[in-house]
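Chains, contacts and geometry: an overview
Spelled out from the first residue to the last, the chains are:
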Amino acid sequence: MNPLARFQGNAWFQAGRMAYLALFAMTLIAAASWLFSNVRQIEPDKRAVVMRFGAVSRTAGAGLLLAWPEPIEQVEIVPAADRVIEHHVTALLRKDIVPAWTNTGGENSDAVAGAGYLLTGDSGVVQLDVQVYYVITDPVAFVLQGEHVLPALDRLTEHAAVAICASRDLDTILVARPEMVGNGSHIAERRERLRGDLRQGINQQLAALNAAGSSPGIEVRRVDVQSSLPPAAVDAFNAVLTASQQAEQYIASASNEAARVHQEAVQSADRALQVSQAKASEQIARASTDTATIVQLADDHSPELLWRLWRERMPAILAHAGSVTAVDPHDDAHLILPGPDRPSSQP
């Protein structure tokens, strides 16, 4: 045989052998990778649900998980029981509801006009922005429900929010009403109970689903609620708040003015009283001086002098009187003598 042909035959044989060995090695590697594909480390804050041919086989906690490869067994990783998961409920938000409806030609419908608002017990409207924090209590039920868990949670939250708002008035739902200064402690307590009642309502509906055999495997631990009003209502509340503040300012100004006027009146009254008392003291002193002689004569028992002084001084004294009534002490008859008119210029 030709040596060149023999060499070429050996070269093709060696190449085919090497290709076969490489393919065999790759097949072994692929088979090993497939065989150990479901062997994984479960983190401490997670759990694993193992399903064999679509049926739940077992659950596993943190640690090394040994499972048959797919499609024999499927492994679903879910959070641990003590891990709280946050979910934003967008089914109650008007900004997420209205665009979807307006695209269908219902822009002017009454349903779109009131979409995203909840009716309160006192016929008010309010919008709730709800954050739900839940834990997975049953990983098997959670995996079986799959993508239906969060939509169900949205519907349950919406149902509980409707019932909670219908049983309360607007003031107990809103977080703050600065124009209502006189809020009692029971109002603040009822506001704090809003989140607890909403969480309790959602959990009651979850318990009803569990009793009916359709449990999503979750439990709500906490609910955060942020309430808001329609823009028109916000403008109206702001107008009321502005008017209330202006009224308080006007009342304060009027109170200050009234206090100032009252103080000035009191000061004027005090001055008038002091002047009157001074004038009265002066007149009493003048009268005492004018009658000192008569009083002294009366004390000295001099009837003749007393009578003479009476006749001399009484006309001048009576001339200042507007009217004079003369009464005889020894007779029951009364004689009224009109005196001269008092000049307007006289004090």
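A quick note: this is a predicted structure, and the numbers were derived from the prediction, not measured.

1. Section: the overall build of the protein
Summing up its helical and strand segments, the protein has 10 helices and 11 strands in all. Residues classed as buried in the protein amount to 25% of the 347 residues present. Taking all contacts inside the protein whose residues are at least 6 apart in sequence as the whole, residues at least 24 apart take part in 63%. Carbon and sulfur atoms form 59% of the exposed surface of the protein, whose accessible area is close to 23,400 Å².

2. Here we look at helix α5 (residues 149–166)
Taking 1.5 Å per residue as the helical rise, α5 with its 18 residues ought to reach 26 Å, and the 26 Å between its terminal C-alpha atoms agrees with that figure. Where α5 is concerned, the buried positions are Val 149, Ala 152, Leu 153, Asp 154, Leu 156, Thr 157, Ala 160, Ala 161, Ile 164 and Cys 165.

3. Topic: the sheet that holds strand β2 (residues 46–52)
As summarised here, the arrangement of the 3 strands in space is β3-β2-β5, forming an open sheet in which the pairing is antiparallel. The sheet is open, and its two borders are formed by β3 (55–60) and β5 (73–79), each paired with just one other strand. Each strand of the sheet is rotated relative to its neighbour by a mean of 25 degrees, with strand direction disregarded. Of the pairings in the sheet, the one linking β2 to β3 comprises 5 bridges and is antiparallel in character.

4. Observations concerning the nonpolar core
Formed by 34 residues in total, the largest nonpolar core has its most connected members in Val 126, Leu 128, Val 130, Leu 198, Ile 202, Ile 218 and Val 220. Contributing elements (two or more residues each) for this core: β2, β6 (85–89), β8 (125–136), α4 (139–145), α5, α6 (170–173), α7 (185–211) and β9 (218–228). Among the elements that make up this core, the one with the highest residue count is α5 (7 residues). Shared between two domains, this core takes at least three residues from each, and those domains are domain 1 (16–78) and domain 2 (81–102 + 112–229). Contact partners of Val 130, with chain neighbours within four places excluded, come to His 87, His 88, Val 89, Leu 92, Thr 157, Leu 198, Val 223 and Asp 224.

5. Section: the UniProt feature "transmembrane region" (unreviewed entry) in the protein
Per the UniProt record, the feature "transmembrane region" (unreviewed entry) sits at residues 20–37. Along residues 20–37, the helical share is 89% and the strand share 0%, with 25 Å between the first and last C-alpha atoms.

6. Examining the pairing of β5
Most of β5 sits inside the fold, with 5 of its 7 residues counted as buried. Pairing of β2 with β5, which is carried by 7 bridges, proceeds in the antiparallel orientation. In the strand pairing of β5, Lys 46 is matched with Pro 79.

7. Overview of the side chain of Gln 127
Summarising the element assignment, Gln 127 is placed in strand β8. For Gln 127, a relative accessible area of 16% corresponds to the buried category. What Gln 127 contacts, discounting residues up to four positions off in sequence, is Leu 92, Leu 93, Arg 94, Gly 116, Tyr 117, Gln 226, Ser 227 and Ser 228.

8. Side note on the side chain of Asp 224
Among the structural elements, Asp 224 can be located in strand β9. A distance of 2.8 Å separates polar atoms of two side chains, one belonging to Asp 224 and the other to Arg 222. With near-sequence residues (within four places) excluded, Asp 224 lies in contact with Asp 129, Val 130, Gln 131, Tyr 133 and Arg 195.

9. Here's the deal with the packing of aromatic side chains
This model, assessed by the stated rule, comprises 1 aromatic pair. Ring centres of Tyr 20 and Phe 24 lie 6.4 Å apart, and the angle between their planes is 20 degrees; on these two criteria the pair is classed as stacked. Linking Tyr 20 with Phe 24, this pair stays in helix α1 (residues 3–35), spanning 4 residues, or about one helical turn. For the cation-ring pair, Arg 222 lies above Tyr 133, with the distance from its terminal atom to the ring centre recorded as 4.1 Å.

What counts as what
Residues numbered from 1 in each chain as written. Predicted model: local features only at pLDDT ≥ 70, side-chain atom pairs only at ≥ 80, totals over all residues. Heavy atoms only, no water. Helix = DSSP H or I, 4+ residues; strand = E, 2+ residues; numbered from the N terminus. Buried < 20%, exposed > 50% of the residue type's maximum accessible area, 1.4 Å probe, protein only. Contact = heavy atoms within 4.5 Å. Areas by Shrake-Rupley, 256 points an atom, 1.4 Å probe, with all protein chains shown as cover. Expected span 1.5 Å × (residues − 1). Pairing = 2+ DSSP bridges. Axes fitted to C-alpha atoms, helices over the stretch in contact; angles between N-to-C directions. Core = buried A, V, L, I, M, F, W, Y, C linked by side-chain atoms within 4.5 Å. Domains from an automatic or database assignment. UniProt positions renumbered as here; feature names shortened; annotations may be inferred. Polar contact = N/O pair within 3.5 Å; in protein donor to acceptor, adjacent residues only side chain to side chain. Phe/Tyr/Trp six-rings, centres within 6.5 Å; stacked < 30°, edge-to-face > 60°. Lys NZ or Arg CZ within 6 Å of the ring centre and 35° of its normal.

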